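Structural overview
This is what each chain is made of:
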Amino acid sequence: MPPAPPRRSRKDTPPPRTGHSEAEVLRGFLDYLRESVATKVESAPEPQVRTPGVPSGTNLLGLLHHLTAVERATFLGDRVADWQGTFHVSPEDGVADVVARYREAVARADEVLDECADLASPVPRPRPHRAAPSVRWALTHMIEETGRHAGQADILRELIDGATGR
């Protein structure tokens, strides 16, 4: 019987222990995923952080750039004309630039959420005459969207340098 492959050590952070309210649970898990994906990208080496890891062209930096657009569209009302384009980062944009823009979008989104006491109410939008989703829907959507792309980031990062965990 061949020997077992060596085990890689994992630096993993378990899911958060949040408050008891629905809003605290939703925001706690969203914050956990946001931090996971940002950390995964900010410590990735250049140029691999922008190198496609799969045939579709997906790369770590593009994932975070896309998530910035989703945060801004969902919570701040930004209009996005080309969602596929949000996966592409300018060659001039470094890791620190993209991570800073993501963290700024998250901070602004959190300011909006801090003002929303009722999960059934619509997300406030600066654009009039456009229906907004409920805060509950927006939070759930962002958990799904961020979780999906965090999983992709996990795989891409492991392919780059073997880093695993959050």
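The preceding data block contains the structure.
Residues numbered from 1 in each chain as written. Predicted model: local features only at pLDDT ≥ 70, side-chain atom pairs only at ≥ 80, totals over all residues. Heavy atoms only, no water.

A few points about the pattern of salt bridges
Applying the stated criterion to the full structure yields 14 salt bridges. Two residues, R103 and E35, come together in a salt bridge whose shortest N-O distance is 2.9 Å. One end of the pair, R103, is in helix α3 (residues 95-114); the other, E35, is in helix α1 (residues 22-42), and 68 residues separate them in sequence. In this structure R103 comes out as partly exposed when scored by relative accessible area, which is 33%. Salt bridges here are not isolated pairs; linked through shared partners, they connect R27, D31, R34, E71, D110 and D114. (Salt bridge = Lys/Arg side-chain N within 4 Å of Asp/Glu carboxyl O. Helix = DSSP H or I, 4+ residues; strand = E, 2+ residues; numbered from the N terminus. Buried < 20%, exposed > 50% of the residue type's maximum accessible area, 1.4 Å probe, protein only.)

So, helix α2 (residues 60-76)
Compared with an ideal rise of 1.5 Å per residue, which puts 17 residues at 24 Å, α2 spans 24 Å between its outermost C-alpha atoms and is within 8% of the ideal. Of all 17 residues that make up α2, 15 are buried, and the element is covered over most of its length. In this structure N59 caps α2, since a side-chain oxygen of it lies 3.2 Å from the backbone nitrogen of L61. Just downstream of α2 lies G77, where phi reads positive at about 80°. (Expected span 1.5 Å × (residues − 1). Polar contact = N/O pair within 3.5 Å; in protein donor to acceptor, adjacent residues only side chain to side chain.)

Description of α1
Between its first and last C-alpha atoms α1 spans 30 Å; for 21 residues at 1.5 Å apiece the expected length is 30 Å, and the two agree. Within α1, the full set of buried residues consists of L26, G28, L30, Y32, L33, R34, S36, V37, A38, K40 and V41. Buried residues in α1 make contact with α2, α3 and α4 (135-161). (Contact = heavy atoms within 4.5 Å.)

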